[in-house]
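# A look at the structure
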Amino acid sequence: MASQKPYPTDVSDEEWEFCSQFLVLMKDDAPQRTYALRDIFNALRWLVRAGCSWRLMPHEFPPWSVVYQQTRRWVKAGCFETMAHELRAIVRLALERNEQPSAAIYDSRTIQSMPESGGRGGYDGAKKRKGSKTHIAVDTLGQLLALKVTPANEQDRGQVGELTQAIQEATGNSVEVAWVDQGYTGAEPAEAAAAHGVRLEVVKHTEAKRGFVLLPRRWVVERSFAWAARFRRLARDYERLASTLAAYHWLAFATLSLQALFKC
């Protein structure tokens, strides 16, 4: 690929120097390795950003089957999640924030299912859509702290315990408060968060909602969903496994953090 015109999604030399430490699962001279790992990673980044199917991957990339197999190894090893957490801390320090956040924002969005994922999808009556629901927690900068994928019929308040446990494990129990919308009201989610040392605060509308209303704190997580929606592979649930959909979200947010650090 050295002679090919690069894609906008290709990693720079500086980005690859950082990313490679999280992606190398075997020695560079391993006999199984036929294609450069950087080319494989570039291919995956292109696929998640462009949103095409595996078999439509451009020919200048390594064969789609090679990229797919290596992606499965990365997903199983949790490489993208680890990378995203490390980048989050670096971005915070670069902005003169504490390395770990003390506050989080929770929310969810429903992603319409496709034939590949329809078997594990659920029906969201509020959105009138069948698919998967991604429950996320972000810090006050909008960076991903925790994520869980469920069928769309699962209630937001039922995921508070697992999300809170995940963010405390990722941040070393630094989070003290989490802002949520009115879908998280009730004693059960508040108790689930409190069990992990987090105070749940519901941000309510101060007046009847007419059109778009910018809510304090809550707009941050909505912006994070907008960032994720720019990665077209995440616009629909094309994945057979929920773990793959979750991993692509981690990769998307890691990509955004890399851009913030190296392309300013």
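Check the entry above for the structure.
This section reports on the structure supplied with the text. Being a predicted model, the structure only gives us computed values, none of them experimental.

Reading the values: rules and limits
- Residues numbered from 1 in each chain as written.
- Predicted model: local features only at pLDDT ≥ 70, side-chain atom pairs only at ≥ 80, totals over all residues.
- Heavy atoms only, no water.
- Helix = DSSP H or I, 4+ residues; strand = E, 2+ residues; numbered from the N terminus.
- Rg over C-alpha atoms; globule rule 2.2 N^0.38 Å.
- Buried < 20%, exposed > 50% of the residue type's maximum accessible area, 1.4 Å probe, protein only.
- Contact = heavy atoms within 4.5 Å.
- Salt bridge = Lys/Arg side-chain N within 4 Å of Asp/Glu carboxyl O.
- Core = buried A, V, L, I, M, F, W, Y, C linked by side-chain atoms within 4.5 Å.
- Axes fitted to C-alpha atoms, helices over the stretch in contact; angles between N-to-C directions.
- Parallel < 35°, antiparallel > 145°, perpendicular 65-115°, else oblique.
- Left-handed = near helix turned anticlockwise from the far one by under 90°.
- Nonpolar A, V, L, I, M, F, W, Y, C, P; charged D, E, K, R; others polar.
- Phe/Tyr/Trp six-rings, centres within 6.5 Å; stacked < 30°, edge-to-face > 60°.
- Lys NZ or Arg CZ within 6 Å of the ring centre and 35° of its normal.

So, on to the overall build of the chain. Tallying secondary structure elements over the chain gives eight helices and six strands in all. In the chain, the order of α-helices and β-strands from amino to carboxyl end is α-α-α-α-β-β-β-β-α-β-α-β-α-α. In terms of overall size, the chain behaves like a compact globule, its C-alpha atoms giving a radius of gyration of 19 Å where 264 residues would be expected to give roughly 18 Å. Principal-axis analysis of the C-alpha atoms places the extent of the chain at approximately 60 × 45 × 35 Å. A burial count over the chain gives 48% of its 264 residues as buried. Summarising the internal contacts of the chain: among those between residues at least 6 apart in sequence, 65% fall at separations of at least 24.

All right, on to the pattern of salt bridges then. Following the criterion strictly, the structure yields 10 salt bridges and no others. Between Arg218 and Asp107 there is a salt bridge whose closest N-O contact spans 3.1 Å. With a gap of 111 residues between them, Arg218 in helix 7 (residues 218-229) and Asp107 in strand 1 (residues 103-112) connect regions that are remote in the sequence. Grouping residues by exposure puts Arg218 and Asp107 together as buried. The partner of Glu222 in a salt bridge is Arg218, with the nearest N and O atoms 3.3 Å apart. With Glu222 and Arg218 both in helix 7 and four residues apart, the pair spans about one turn of that helix. The exposure class of Glu222 is partly exposed, given its relative accessible area of 39%. Residue Arg218 is classed as buried on the basis of its relative accessible area of 6%. Here the residues in one salt-bridge network are Asp107, Asp181, Arg218 and Glu222, joined through shared partners.

The biggest cluster of nonpolar side chains holds 53 residues, and the ones touching the most others in it are Cys19, Leu23, Phe41, Leu44, Trp74, Phe80 and Met83. The greatest single-element share of this core, amounting to 10 residues, is contributed by helix 8 (residues 242-262). Once residues within four sequence positions are removed from consideration, Phe80 is found in contact with Leu23, Phe41, Leu44, Trp74, Val75, Ala247, Trp250 and Leu251. Formed by 15 residues, the second largest nonpolar core is a distinct cluster that contains Ala137, Leu145, Tyr184 and Ala193.

Another point: the packing of helix 1 (residues 13-23) against helix 4 (residues 79-94). At a closest axis distance of 9 Å, the pairing of helix 1 and helix 4 adopts a crossing angle of 135°. In this view, helix 1 runs oblique relative to helix 4, as classed from their interaxial angle. In terms of crossing hand, the pair formed by helix 1 and helix 4 is right-handed. Contacts from Phe18, Cys19, Phe22 and Leu23 of helix 1 reach helix 4 at Cys79, Phe80, Thr82, Met83, Glu86, Leu87 and Ile90. Taken together, the residues that form the contact of helix 1 with helix 4 break down as nine nonpolar, one polar and one charged.

Next up on the list: the environment of Ser132. Tracing the sequence through the fold places Ser132 in strand 3 (residues 129-138). Each C-alpha atom, one on Ser132 and one on Gly121, is 5.3 Å from the other, the two residues being 11 residues apart in sequence. In contact with Ser132, other than residues within four places in its own chain, are Arg109, Thr110, Ile111, Arg120, Val149, Thr150, Pro151, Ala152, Asp237 and Leu245.

Moving on to the packing of aromatic side chains. Evaluation of the coordinates by the stated rule reveals 10 aromatic pairs. Centroid distance Tyr7 to Phe61: 5.2 Å. Interplanar angle 25°. Geometry classified as stacked. Taken together, the residues Tyr7 in the segment before helix 1 and Phe61 in the loop between helix 2 (37-50) and helix 3 (64-77) connect sequence positions 54 residues apart. With a relative accessible area of 5%, Phe61 lands in the buried category. What links up through ring pairs into an aromatic cluster is the set Trp16, Phe41, Trp74 and Phe80. It is Arg49 that lies over the ring of Phe231; its NZ or CZ is 5.7 Å from the centre.

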